[in-house]
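Each chain, written out:
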Amino acid sequence: MSIGANSLGARDIAHLVHPQTNLQRHLQDGPIVIKDANGVWTHDDDGNALLDGVSGLWCASLGFAPERLAKAAYDQMCKFSYSHLYRHNSHEPAIELAEKLLSIAPPSMSKVHFQSTGSEANDVAIKLIWYYHNALGRPEKRKIISRHYAYHGSTVAAVSLTGKPDMHAQFNLPLDGFLHVECPHYFRNGQEGESEEDYATRLANDLESLIEEQGPETIGGFFAEPVIGSSGVILPPRTYFQKVQAVLKKHDVLFVADEVITGFGRTGKMWGCETFAIEPDLMSCAKALSSGALPVSALMLSDKVYQAMLSQSESLGNFAHGHTYAGHPACAAVALETLKIYEEMDLIPHIGRLSLCFAEMLDGLQDHPLVGPLDLTGLMAGIELVKDKETGEAFPANMNLGTKVADISRRHGLLHRYAGNRISFAPAYITSEDEIGEIGVRLHKSLDEAHAALSGT
Ligand SMILES: Cc1ncc(COP(=O)(O)O)c(C=O)c1O
């Protein structure tokens, strides 16, 4: 496609640096510029309508032009557009949002601390793990464990939790003291004849061995997404979290559940923690909290963490941490309106019904020669694209077939995510059953085209 002089594409190339983008390729290909949106459809400036099967970046749960959220932001900004929470300042939207979040949170959560992004929420969680153990007089308990292929964000500390090698390469990351254990991917990493439960036991034993090797007195916290999202929607093997939590409890290691993608119904229950019986000490959430309409994230804390923070701030004279936009009134107002809409739509039963149709659509793809095992929970799914359907033989990891399929899908007017040889879906909660069917039709065409290209037909 040629990029006209002074077009938005040319101006983009001249001025913008894009995240998670091949910068050299961008100079030639230019951007895909979105002009407007309607429900779960966006339109680019070439006039293409794109059906979004993954809610933008797993966030736009109420679609891309939710008028009520726009109005909530407008109304709040007409009252006051900025106020902060530093030094005892407060305002109604932040108070009400904290109250609302705790009313739907897992029972172990007792307080809420706001930020703007998922990365920040996880960064603060790391700081609070250190603050907590320092308060208890064990400053050496500061190493943090997460999993390979986990995604916890892009800031220096959050990306150190993240287990994606490409996000560490040449950035001098991860920071010291961040350790990674195996990605719990039964289909790829389970051994011949090993049951899912036995695989989970092996992973819990490996975690315990690492803690013992390092010395339990040096391990402060463990982070996990209830379902690994960005790396292609990978569900934990049965009994995994039950066994992992027993190890963490034994060695007094705090568990942080990263619910940035899985929160607010995505897995079929309000929280991934509920779906997978996790009792977190801290829990981060973002994305669907505001349907992605404005940036807001929250870190929820158990009482034991909060009590340690109380005693630290008492002895130091201040809880010396903060962000200018944490608890921003317009963002909080939009999040409150989002939660109100979820309530009105009776979110969890609604997702239960829509997920049946989603599962049926995915089931219709099972015979396709490229389609391998499916990971599915609620309105979140990952498909492994395989070379040999019978044996499950993988394509070479560096083939990145997921990227190629996503490019073809885009040409067929369908958006989804990809990671290596996996493709993933997380449709908005307002997607109609017809639109779910349409995702299936377009995906089938895209997979056919990818298959034909691979077999040279
Ligand atoms: C599970 C998880 N945690 C954290 C993040 C980081 O959130 P943000 O991009 O808002 O910093 C993401 C982003 O995709 C995520 O998927």
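Preceding this section is the structure that the text describes.
To start, this report covers the structure provided alongside it. (Residues numbered from 1 in each chain as written. Predicted model: local features only at pLDDT ≥ 70, side-chain atom pairs only at ≥ 80, totals over all residues.)

1. A look at the site of the ligand
Taken together, 16 residues lie near the ligand, and Thr 117, Gly 118, Ser 119, Gly 153 and Val 260 sit nearest. If you tally residues by element for the shell around the ligand, the top one is helix H6 (residues 118–135), at 3 residues. When the residues that make up the shell around the ligand are grouped by side-chain class, the tally is 5 nonpolar, 9 polar and 2 charged. (Near = placed C-beta within 6 Å. Helix = DSSP H or I, 4+ residues; strand = E, 2+ residues; numbered from the N terminus. Nonpolar A, V, L, I, M, F, W, Y, C, P; charged D, E, K, R; others polar.)

2. Regarding the sheet that holds strand E5 (residues 143–147)
Across a sheet, strands are paired by hydrogen bonds formed along the backbone, either parallel or antiparallel in direction. Taken in spatial order, the 7 strands of this open sheet run E4-E10-E9-E8-E7-E5-E6, and their pairing is mixed. Edge strands, defined here as strands with exactly one partner in the open sheet, are strand E4 (109–115) and strand E6 (178–181). Within this sheet the neighbouring strands show an average axis-to-axis angle of 20 degrees, counted without direction. Direction of pairing for strand E7 (residues 219–224) relative to strand E8 (residues 254–258): parallel, over a ladder of 4 bridges. Looking at E8, one finds that Ala 224 is bridged to Ala 257. In the packing of helix H5 (residues 92–104) onto the sheet, the strands contacted are E4 and strand E10 (297–302), and the crossing angle to E4 comes to about 135 degrees. Contacts between helix H9 (residues 196–214) and the sheet are confined to E5, E6 and E7, with E6 contributing the most and set at about 150 degrees to the helix. (Pairing = 2+ DSSP bridges. Axes fitted to C-alpha atoms, helices over the stretch in contact; angles between N-to-C directions. Contact = placed C-beta atoms within 7 Å.)

3. Quick notes on the environment of Ala 394
Note that Ala 394 resides in strand E13 (residues 393–394). Distance in space between the C-alpha atoms of Ala 394 and Gly 137 is 49 Å, their sequence separation being 257 residues.

4. Comments concerning the sheet that holds strand E2 (residues 41–44)
Reading across the sheet, the 4 strands line up as E1-E2-E3-E14 and stay open at both edges, with mixed pairing between neighbours. The two strands at the open ends of the sheet, each matched to only one other strand, are strand E1 (34–38) and strand E14 (414–415). Relative to strand E3 (residues 49–52), E2 runs antiparallel, the two sharing 3 bridges. Bridge pairing in E3 links Thr 42 to Leu 50.

5. Digging into the environment of Glu 194
Residue position: Glu 194 is located in the loop between helix H8 (186–189) and H9. Each C-alpha atom of the pair Glu 194 and Ser 83 lies 56 Å from the other, and the pair is 111 residues apart in sequence.

6. Details of the environment of Ile 348
Inspection of the secondary structure assignment puts Ile 348 in helix H14 (residues 347–363). A residue is classified by how many C-beta atoms lie within 10 Å of it, and Ile 348, with 15 of them, is partly exposed. When the C-alpha positions of Ile 348 and Met 270 are compared, they lie 6.8 Å apart, and in sequence the two are 78 residues distant. Beyond its immediate stretch of four places on either side in the chain, Ile 348 contacts Gly 265, Lys 269 and Met 270. (Buried ≥ 20, exposed ≤ 12 C-beta atoms within 10 Å, placed from the backbone.)

7. Notes on unusual backbone geometry
With an omega of 5 degrees, the peptide bond running from Leu 173 to Pro 174 counts as cis. Of note, Pro 174 is situated in the loop between helix H7 (156–161) and E6. We note that Ser 55 has phi near 55 degrees; this positive angle belongs to a residue other than glycine. Tracing the chain through its elements places Ser 55 in helix H3 (residues 55–58). Note on Ser 55: 30 C-beta atoms within 10 Å, which makes it buried. The phi dihedral of Phe 264 is positive, around 60 degrees, even though this residue is not glycine. As for its placement among the helices and strands, Phe 264 is situated in the loop between E8 and helix H11 (272–275). Residue classification places Phe 264 among the buried positions, given that 25 C-beta atoms sit within 10 Å.

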